[in-house]
Amino acid sequence: EEREAEEKEPQEEGAEEKPKKQRYRKDKPWDTDDVDHWKVEPFKPEDNPSHLLEESSFATLFPQYRELYLRQSWPRVTKILGEYGIACELNCIEGSITVKTTRKTWDPFIIIKARDMVKLLARSVPVEQAQRVLQDDIQCDIIKIGGFTHNKERFVKRRQRLIGPNGATLKAIELLTGCYVMVQGTTVSAIGTFQGIKQVRKIVEEAMQNIHPIYNIKTLMIRRELSKDPQLAGENWDRFLPHFKKINMRKQRAQAELAAAQAEVAPGAPGAPPKPKKEKKPYTPFPPAPVERQEDKMIASGEYFLSAAQKKAKEIAERRKRHEEKEQVKAKKRAEAFVPPKEATTPVAATERAAAAPSLHDLTQSLIQRNNERTQR
């Protein structure tokens with residue numbers, strides 16, 4: 001009874017009765033509207049004066065073509081990581097980079113950042129961009145694109161869409177997302193904020209799924225313009241964004257060809273060809289014979305019982321026979337160039353020549369005339 005009276009007293013004194021779930025919540029005078037709960041506070045050496053007790057290390061492999069660049073820029077990498085108390089080692093024999101904490105390391109999460117940095121260096125990202133990952137508000141993502149399609153030509157074509165002519169598409173993605181993007185081999189590396197990296201991953205994955213990046217770029221441009229209007233801050237933007245319908249061009253082309261064929265000659269029309277009638281097969285109660293296995297065919301031909309040497313000799317003999325047949329075909333083709341062409345003698349041409357030839361009487365008269373002319377001289 002005393003507890004019930006104590007619980008009723010504050011309700012009677014208060015002007016407004018609080019809901020049941022907020023009845024025991026206390027006021028937080030330090031939590032005001034101007035406090036940014038998503039702000040990442042910098043971690044300083046003063047926050048961890050005792051440093052780390054255990055050593056952590058990560059190693060990553062790099063391709064051979066990156067060895068020369070890593071050797072040239074390694075003093076700079078060592079200096080950058082040394083500022084955070086991280087030791088690094090370049091092993092050119094194994095082709096690996098190792099980063100590990102030391103007694104001077106005060107930030108427990110910096111080893112994860114250093115691991116991401118060396119991974120970016122292995123994926124052809126320059127040191128100037130890779131060192132940005134060590135900042136608290138910058139993250140990175142390495143997107144694997146090699147498994148989206150197994151056709152090499154299709155993969156190269158879709159990857160080229162990300163880059164665009166003279167890198168224009170890639171530059172547009174970087175400007176709209178605020179991230180640095182590097183396309184190398186079967187990976188795409190992105191460096192930026194969480195929101196920008198999420199947008200880059202969506203664009204890259206959809207581009208490898210045969211959705212052109214220009215659609216996502218157009219959506220991002222519209223969102224960027226809408227965010228400038230404070231009146232639309234609390235409204236739904238779906239009515240302003242474009243909705244693209246997926247079109248199967250191969251299926252659409254087949255349907256168009258079928259419709260054109262049906263329009264030319266409709267079935268049942270006077271000029272339409274009759275439908276071919278299906279011939280009924282004779283009924284048999286027995287099931288069809290099973291398909292022979294490769295082993296059964298080899299047993300029937302006797303090849304199954306041949307030794308390895310006999311199989312090899314048979315294969316060589318068959319190859320020699322095929323070679324001889326091809327040589328005969330080639331020799332016949334070469335000999336065709338030396339065969340003289342047949343003269344075209346038509347009966348009309350023969351009669352014309354016979355009509356144009358002089359007769360025996362004409363020849364005799366011409367000879368007598370020539371002889372008389374000589375005697376007169």
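See the structure above.
Rules behind the numbers
- Residues numbered from 1 in each chain as written.
- Predicted model: local features only at pLDDT ≥ 70, side-chain atom pairs only at ≥ 80, totals over all residues.
- Heavy atoms only, no water.
- Helix = DSSP H or I, 4+ residues; strand = E, 2+ residues; numbered from the N terminus.
- Buried < 20%, exposed > 50% of the residue type's maximum accessible area, 1.4 Å probe, protein only.
- Lys, Arg positive; Asp, Glu negative; His and termini not counted.
- Salt bridge = Lys/Arg side-chain N within 4 Å of Asp/Glu carboxyl O.
- Polar contact = N/O pair within 3.5 Å; in protein donor to acceptor, adjacent residues only side chain to side chain.
- Contact = heavy atoms within 4.5 Å.
- 1 Å grid on protein atoms, 1.4 Å probe; cavity = no way out; pocket = protein on both sides within 12 Å on 5 of 7 lines; lining within 4 Å.
- Points joined across faces, edges and corners; volume = space filled by probe spheres on them.
- Core = buried A, V, L, I, M, F, W, Y, C linked by side-chain atoms within 4.5 Å.
- Pairing = 2+ DSSP bridges.
- Axes fitted to C-alpha atoms, helices over the stretch in contact; angles between N-to-C directions.
- Parallel < 35°, antiparallel > 145°, perpendicular 65-115°, else oblique.
- Left-handed = near helix turned anticlockwise from the far one by under 90°.
- Nonpolar A, V, L, I, M, F, W, Y, C, P; charged D, E, K, R; others polar.
- Phe/Tyr/Trp six-rings, centres within 6.5 Å; stacked < 30°, edge-to-face > 60°.
- Lys NZ or Arg CZ within 6 Å of the ring centre and 35° of its normal.

Draft legend 1. Up close: the side chain of Asp107. Position of Asp107 relative to the elements: it lies in the loop between strand S3 (96-101) and helix H3 (110-122). Among buried Asp, Glu, Lys and Arg side chains, Asp107 stands out as unpaired, with Lys113 the closest opposite charge at 8.2 Å. Polar side-chain contacts of Asp107 include one of 3.1 Å to the backbone nitrogen of Phe109. If we skip the residues at most four places from it in the chain, Asp107 touches Phe43 and Leu52.

Draft legend 2. Summary view of the layout of surface pockets. In this structure, the largest pocket encloses a volume near 1000 Å³. In this structure, the largest pocket is lined by 28 residues; those nearest its centre are Glu206, Ile211, His212, Tyr215 and Asn216. Listing elements by their share of the lining of the largest pocket, those giving two or more residues are helix H7 (194-208), helix H8 (213-227) and helix H9 (249-264).

Draft legend 3. Molecular detail of the side chain of Thr60. Tracing the backbone through its elements, the reader meets Thr60 in strand S1 (residues 57-61). On the accessibility criterion, Thr60 (16% relative accessible area) is buried. When residues no more than four places from it in sequence are discounted, the contact partners of Thr60 are Gly95, Ser96, Ile97, Val118 and Lys119.

Draft legend 4. Quick peek at the environment of Thr186. Inspection of the secondary structure assignment puts Thr186 in the loop between strand S5 (180-184) and strand S6 (187-192). A C-alpha to C-alpha distance of 9.8 Å links Thr186 and Arg123, two positions 63 residues apart in sequence. If sequence neighbours within four positions are ignored, Thr186 has contacts with Arg123, Ile143, Lys144, Ile145, Gly146 and Phe155.

Draft legend 5. The arrangement of the nonpolar core in detail. By size, the foremost hydrophobic cluster in this structure holds 28 residues, and its most contacted members are Leu81, Val99, Met117 and Ile191. Among the elements of the structure, helix H2 (67-82), strand S2 (86-91), S3, H3, helix H4 (127-130) and S5 are those that each provide at least two residues to this core. A total of eight residues in this core trace back to one element, the largest contributor, which is H3. Discounting chain neighbours no more than four positions away, the residues touching Met117 are Val77, Ile80, Leu81, Ala130, Gln131 and Leu134. Counting 20 residues, the second-largest nonpolar core is a separate cluster that includes Ile145, Leu162, Cys179 and Ala207.

Draft legend 6. Spatial organisation of the sheet that holds S1. Pairing within the open sheet is antiparallel, and its three strands lie in the order S1-S3-S2. Sheet topology places S1 and S2 at the edges, where each strand pairs with a single neighbour. Taken over all neighbouring pairs, the strand axes of this sheet differ in orientation by 15 degrees on average, direction set aside. The sheet contact formed by S2 and S3 spans six bridges and is antiparallel. Each bridged residue has a counterpart across the sheet, and for Cys88 the counterpart in S3 is Val99. Of the strands in this sheet, S2 and S3 touch H2, which is tilted by about 165 degrees from S2.

Draft legend 7. Just the sheet that holds S5, in detail. Taking strand neighbours across the sheet as the criterion, the three strands line up as S4-S6-S5 in an open arrangement whose pairing is antiparallel. Two strands bound the open sheet, and with one partner strand each, they are strand S4 (139-144) and S5. When the angles between neighbouring strand axes are averaged without regard to direction, this sheet yields 15 degrees. Lying over the sheet, H3 contacts S4 and S6, oriented at roughly 45 degrees with respect to S4.

Draft legend 8. Region of the structure containing the packing of helix H6 (residues 168-177) against H8. Two elements in contact, H6 and H8, have axes whose closest approach is 10 Å; the angle formed by their N-to-C orientations is 30 degrees. If you check the angle between H6 and H8, you find them roughly parallel. You can see that H6 and H8 cross each other, and the crossing is left-handed. Contact with H6, carried on its side by Thr169, Ala172, Ile173, Leu175, Leu176 and Thr177, involves Pro213, Ile217, Leu220, Met221 and Arg224 of H8 and no other residues of that element. Each residue belonging to the contact of H6 with H8 can be placed in one class, and the counts come to eight nonpolar, two polar and one charged.

Draft legend 9. Summary view of the packing of aromatic side chains. Tallied over the full model, the rule gives two aromatic pairs. Measuring from ring centre to ring centre gives 5.6 Å for Tyr304 and Phe305, while their planes differ by 85 degrees; the resulting arrangement is edge-to-face. Note on Tyr304: relative accessible area 44%, which makes it partly exposed. Overall, Phe305 belongs to the exposed group, its relative accessible area being 61%. Residue placement shows Arg115 over the ring face of Phe58; its charged tip is 5.3 Å from the ring centre.

Draft legend 10. Representation of the pattern of salt bridges within the structure. With the rule as written, the count across this model stands at ten salt bridges. The partner of Arg201 in a salt bridge is Asp141, and the shortest N-O contact between them spans 2.8 Å. Placement of the pair is Arg201 in helix H7 and Asp141 in strand S4, with a sequence separation of 60 residues. For Asp141, a relative accessible area of 16% corresponds to the buried category. Two residues, Arg293 and Asp296, come together in a salt bridge whose shortest N-O distance is 3.3 Å. Exposure remark for Asp296: the relative accessible area of 29% places this residue in the partly exposed category. One salt-bridge network, held together by shared partners, links Asp141, Arg201 and Glu205.

Read these as layout, nothing more, since geometry by itself doesn't imply function.
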